[in-house]
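Chain residues, written in single-letter form:
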Amino acid sequence: MKVQTSQPRYRWSLNGTLINLGLDRRRRLSGGNLIISNLDRYQDVGMYQCMAYNTVGAILSRRASLQFAYLDHFKVHTRSAVSVREGQGVVLLCGTPTSSGDLTYAWVFNEYPYFVQQDSRRFVSQQTGNLYIAKVEPSDVGNYTCVVMNSITKGKVHSSPTSLILRTDGVMGEYEPKIEVNFPDNVPAAKGSTVTLECFALGNPVPEITWRRANGVPFPSKVKMKYSNAVLEIPSFQQDDTGGYECVAENKMGKNTAAGRIAFYAKPQWIQTMKDTALAIEERLYWECRANGKPKPSYIWLKNGQQLLSEGRIHVEDGVLSVSVLTLSDAGMYQCVAENKHGIIYFAAELMVLASPPDFTGNVLRALLKAKAGTTVTLDCKPKAYPTASILWKKGNLITLSPDGTLRLANLSKSDAGSYTCFARNRFGMSSTTGRLLVTDPTRIIQGPVDMEIIVGESIVLPCQVSSDPVLDVSFSWAFNGHLITNGDGHFELVGGQRTAGDLMIRNIQLYHAGKYICVVDTDVESLSAVAVLIVKGPPSPPDSVTVEEVTDSTAQLAWSPGRDNGSPISNYLIQTRTLFTVGWQRVNAVPEVIDGSTLTATVVDLNAWVEYEFRVLAKNSVGVGEPSPVSVKTRTEDAVPDAAPGDVGGGGGSRSELVITWEPVPEELQNGESFGYIIAFRAFGEVSWTHVATSAPGASRYVYRNESIAPFSPFHVKVGTYNSKGQGPFSPVVTIYSAETEPSGMPAGVWARSVSASEIEVNWQALPITPERVLGYEVVYWEDDTKPETMGKVRVHWNHTSVTVHSLAGNTQYFLTVSAFNTAGTGPFLPAINVTTKKPPPAQPPLNVEWTLIGSQLSLYWEPVVAMESESEVTGYQVSFSTVASNSTAELSLAENDDDYIIRIQTLSEGGLGPASDPIQIHKLSKFGFHRVEVGEEVLQETVAEWESLT
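Just so you know, these numbers come straight off a predicted model, no measurement behind them. (Residues numbered from 1 in each chain as written. Predicted model: local features only at pLDDT ≥ 70, side-chain atom pairs only at ≥ 80, totals over all residues. Heavy atoms only, no water.)

Right, let's get into the overall build of the protein chain. For the protein chain, the count of helices and strands is zero helices and 90 strands. Projected onto its principal axes, the C-alpha coordinates of the protein chain cover approximately 160 × 120 × 70 Å. Per-residue burial for the protein chain yields a buried fraction of 41% across its 952 residues. Taking the contacts inside the protein chain whose residues are at least 6 apart along the sequence as the reference set, 64% of them involve residues at least 24 apart. About 50,700 Å² of surface is accessible on the protein chain, with carbon and sulfur atoms providing 50% of the total. (Helix = DSSP H or I, 4+ residues; strand = E, 2+ residues; numbered from the N terminus. Buried < 20%, exposed > 50% of the residue type's maximum accessible area, 1.4 Å probe, protein only. Contact = heavy atoms within 4.5 Å. Areas by Shrake-Rupley, 256 points an atom, 1.4 Å probe, with all protein chains shown as cover.)

Mapped onto the secondary structure, Arg616 falls in strand 62 (residues 612–621). As a buried residue without a salt bridge, Arg616 has its nearest oppositely charged side chain in Glu627, at a separation of 7.2 Å. Of note is the side chain of Arg616, whose polar atom sits 2.7 Å from the side chain of Gln576. Ignoring anything within four residues of it in the chain, the contact list for Arg616 reads Leu574, Ile575, Gln576, Trp585, Pro628, Ser629 and Pro630. (Lys, Arg positive; Asp, Glu negative; His and termini not counted. Salt bridge = Lys/Arg side-chain N within 4 Å of Asp/Glu carboxyl O. Polar contact = N/O pair within 3.5 Å; in protein donor to acceptor, adjacent residues only side chain to side chain.)

Here we come to the layout of surface pockets. Size it by volume and the largest pocket reaches roughly 300 Å³. Those elements giving two or more residues to the lining of the largest pocket turn out to be strand 1 (9–14), strand 2 (17–18), strand 5 (46–53), strand 30 (298–303), strand 34 (332–340) and strand 35 (343–354). Taken together, the residues that form the lining of the largest pocket break down as twelve nonpolar, five polar and three charged. (1 Å grid on protein atoms, 1.4 Å probe; cavity = no way out; pocket = protein on both sides within 12 Å on 5 of 7 lines; lining within 4 Å. Points joined across faces, edges and corners; volume = space filled by probe spheres on them. Nonpolar A, V, L, I, M, F, W, Y, C, P; charged D, E, K, R; others polar.)

Turning next to the UniProt feature "domain: Fibronectin type-III" (unreviewed entry) in the protein chain. On the UniProt side, "domain: Fibronectin type-III" (unreviewed entry) is annotated at positions that read residues 542–640, 645–742 and 747–841 here. From the first C-alpha to the last, residues 645–742 spans 32 Å; its make-up is 0% helix and 50% strand. (UniProt positions renumbered as here; feature names shortened; annotations may be inferred.)

Strand order in the open sheet formed by three strands is 20-24-23, with antiparallel pairing between adjacent strands. Both edges of this open sheet fall to strand 20 (195–198) and strand 23 (224–226), since each of them pairs with a single strand only. Mean inter-strand twist for the sheet, computed between neighbouring axes without regard to direction, equals 20 degrees. Examined bridge by bridge, strand 20 and strand 24 (residues 231–234) share four bridges and lie antiparallel to one another. Counted as the bridge partner of Val195 is Ile234 from strand 24. (Pairing = 2+ DSSP bridges. Axes fitted to C-alpha atoms, helices over the stretch in contact; angles between N-to-C directions.)

Turning to unusual backbone geometry, a few remarks are in order. Omega for the peptide link from Tyr112 to Pro113 comes to 10 degrees, which places this bond in the cis form. Following the sequence through the fold, Pro113 ends up in the loop between strand 12 (103–109) and strand 13 (122–124). The residue after Asn204, namely Pro205, is reached through a cis peptide bond having omega 0 degrees. Within the secondary structure layout, Pro205 lies in the loop between strand 21 (200–204) and strand 22 (208–213). Backbone geometry at Lys154 places phi at a positive 65 degrees, although glycine is not the residue there. Residue class for Lys154 comes out exposed when judged on its relative accessible area of 57%.

With respect to the element layout, Ser468 can be found in the loop between strand 48 (465–467) and strand 49 (475–480). Judged by its relative accessible area of 18%, Ser468 falls in the buried class. Setting aside chain neighbours within four positions, we find Ser468 in contact with Thr443, Val474 and Arg499.

It is worth spelling out the pattern of salt bridges at this point. Any two side chains of opposite charge can pair if their charged atoms end up close together. A full pass over the atoms with the stated rule returns 28 salt bridges. With its nearest N and O atoms 2.8 Å apart, the salt bridge here joins Asp241 to Lys222. Pair noted here: Asp241 is in the loop between strand 24 and strand 25 (243–251) and Lys222 is in the loop between strand 22 and strand 23, with a separation of 19 residues, a long-range link. Relative accessible area serves as the criterion here: at 26%, Lys222 is assigned to the partly exposed category. Here the salt bridges do not stand alone but share partners, grouping Asp24, Arg26, Arg27 and Asp44 into one network.

We now examine the confidence of the model for the protein chain. Within the protein chain, residue pLDDT values average 89, and 94% of them lie at 70 or more. Within the model, pLDDT remains below 50 along residues 926–952, and this stretch shows 68 contacts once partners closer than five positions in the same chain are excluded. (pLDDT = per-residue confidence, 0-100.)

Here we come to the state of the cysteines. Per the counting criterion, the structure on display carries five disulfides. Between Cys199 and Cys247 runs a disulfide, and the two sulfur atoms are separated by 1.7 Å. The disulfide joining Cys199 to Cys247 has a torsion of about -75 degrees about its S-S bond and is therefore left-handed. Residue Cys199 is located in the loop between strand 20 and strand 21, and its partner Cys247 is located in strand 25; the two are separated by 48 residues in the primary sequence. Judged by relative accessible area, which is 0%, Cys247 ranks as buried. Residue pairing for Cys381: its cysteine sulfur links by disulfide to Cys422, the two sulfurs lying 1.7 Å apart. (Disulfide = S-S within 2.5 Å.)

Another aspect to go through is the environment of Gly57. In this fold, Gly57 is placed in the loop between strand 5 and strand 6 (58–60). Overall, Gly57 belongs to the buried group, its relative accessible area being 11%. With 708 residues separating them in the primary sequence, Gly57 and Trp765 have C-alpha atoms 138 Å apart. When near neighbours in sequence (up to four residues on either side) are disregarded, Gly57 contacts Ala52, Asn304 and Met333.

With the rule as written, the count across this model stands at 21 aromatic pairs. Taking the centre distance of 5.6 Å and the plane angle of 80 degrees together, the rings of Tyr112 and Phe115 count as edge-to-face. Residue Tyr112 is classed as exposed on the basis of its relative accessible area of 56%. Using a relative accessible area of 30% as the deciding quantity, one classes Phe115 as partly exposed. Centre to centre, the rings of Trp783 and Phe816 are 6.1 Å apart; their planes meet at 20 degrees, and the pair counts as stacked. Taken together, the residues Trp783 in strand 74 (residues 777–783) and Phe816 in strand 77 (residues 814–823) connect sequence positions 33 residues apart. (Phe/Tyr/Trp six-rings, centres within 6.5 Å; stacked < 30°, edge-to-face > 60°.)

With respect to topology, five strands assemble into an open sheet ordered 27-35-34-30-31, the strand pairing being mixed. Across the chains shown, the open sheet's two edge strands, defined by having one partner strand only, are strand 27 (277–280) and strand 31 (306–307). Two elements, strand 34 and strand 35, share nine bridges in a ladder whose sense is antiparallel. If you follow Cys336 over to strand 35, its bridge partner there is Phe347.

Along strand 66 (residues 677–684), eight of the eight residues are buried, which leaves the element largely enclosed by surrounding structure. Neither face of strand 66 is left uncovered, since the one carrying Gly677, Ile679, Ala681 and Arg683 and the one carrying Tyr678, Ile680, Phe682 and Ala684 both have all their residues buried. Across eight bridges, strand 66 lies against strand 69 (residues 715–724) in antiparallel orientation. Directly across from Arg683, in strand 69, lies its bridge partner His717. Bridge count for strand 66 against strand 67 (residues 691–695) is five bridges, and the pairing is antiparallel.

Spelled out as structure tokens, the structure:
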């Protein structure tokens, strides 16, 4: 209930007396703050407290103390001299003037700024301000001045000097320590504060000060000793630091002890408070507050700033306040106050006492309530009424009293449906509310999801179909392993779309889709669910921790740990390997040959020696092969003697007196070790012993043996072997090769050439007679002239050819040509060059303005003659690419009669070749027949069979 309240107003008191701000010009309010001008040390010192009040009530603030720091001057008078014997202890009194605030003390010896330096013999107490000298020495004679400083005002005052003189009647003898500076029997300390204890003794010899705890526990590292142990400092004081402390002063004459306790104290702190409360008239109020603190705090209760005492309906005991049979006058602001000698705290709460007739605003019966037959329904009548209202229910002529306002209808049937009215009454008035109850048939799940086993990647539909009362609103939702499924997930889709079906489709099922699926059906009156467990099977997860445990030159023993089987037992494992020399991962042989699913070790065999391998393992089950394991560390097999010989051993060629031997190098992965090389062995035909030569280049593929005694083209037996740091490997099979031969010494004769067309020259020569050297063939070299080396070309033909046509030449161009014989040693001497000029190119212009007539089967063609340019070959005729060639600009053709269409083109003929074709001519109603080409000019007739291109 909201209550309108007025703005607060404020009053201040000083030392319990109300401050009359109307008569006080130095004090004024700003908001709730008290502002004091021209502070006066005597008038303004004391305890302040604020009261805030409005129409609801009043509360007091915590108390605030205002103190003034000051330090008065010492009284001006001459201090008496202090006379002591040498070796005697002495105390020089400071006589601190009146003051307020923390003070610090120091002593000046003779004159400023020579301060007394504290050591084991001299001590300035910050508690008393006095100077203590444990044992006086002659050097101590002089004047001493006490200096006092206020830590807040920073003011400083000096006492009159005190003279210290030595008596002349002897020296003080040795005596036991006498403790002059001590600490109280009980020292209170707050949590987190710094506690300082002082202890100093007079004595001869100078006493030694030590500290200890009464319980014998050693001091923690935070404890500090200062000024030759005269001061014990405990920073950040905690509960564990409480207890007895002892100071021991000792010299050879004896010892003395001072003892006291440090007591832990804490200001009150709330551990339980009340809160704003609204109660109906005549109800009972019970509030309790609790605070901790040391010593234990006491409690008082305030109402509107005034202390409450137990009287009549009000009972106050410790931190409990109870008020029976509340009246409107009990409303107001209450405060619980907890206090001990170290502090006081306040907590405030408002009590509202309410009185009103019944009111159903915001709490009326539902206009229509649906409930399932056979269930129990509860109708609540909860009006706001102060005091509490009496309740009765009415349905038709049936009236029911309800002490708590609740009407409970059990085992509902259709007859319970209807309108229900609740009447509420108290001494301030009456009110009512009405609602209608509709009883529905139960909802049933007629087809729900069932437990299933599914393979990864498949898709399924989990059904969820219901029958329900048509007046009910039905909604479906699905949960997977306790989490609600939404359509935003790419794998899930709710596909029911009807009030009786809420099926769930799961697409492309993955392993993580295994688990519990719940279809939840919600209606206006109930919630149902159906559960199914989905088991997803997939290929096994990758094996793990693949290690190589033992390695030889051809085997490696592997071990691994299994991955998850993903719903189907692992049937077997596969091992793959990779090296720098393989393309991707390769399956390898292993022992056992088939590694079953219970075996986690295997020996990989048939590896190459001295090769660095990586291994991985794959698991297989009834679903398929899983992902591979992480790759093992790279492991090198042991080295071994080579077991592979070079391949493709051969040779021949080279220069005079050379034997060229070639082979296919052994791949690096087959070299089996370090320091790999080749052994080349050869011997001439008819010899028995072999000549051996070694090369340490593992990539070598050729060796040349030079010796002037080697005859050209003589046969040799050759073989090539291998070796490495472990020993010699096998040799290749023996092959026969020939030493280098010499180039042919003879030159072809009868060389002549002719231009065949604008781009071709035919070259002819006579074959060489038998020569000492072998002739493999002939080479024709041609070029335009010596200034154009880029135009040079050559053509080679077999030894049994004596002519060749050079193609792709430039038209109307002079070429130089020469012919020589060649073999493996090179080419022989060239003939002197001859020259031939290619023919002019054919006319570039095609026949134009082609016309034709067709009478019956007789086709007549007409076109404009083509005139060749000076740089072109003369026109010698025309080619009609149908059946005849005309020497004139006309042609007549006889065509068979049929229904096909044909295309006819016309080209020029010249010694430079065929010119470009005319535009195509389409002749209708012609058919397929034999292709005829007639070159009229040279009276040559050629016939070939062809299929004419038809147009539609």
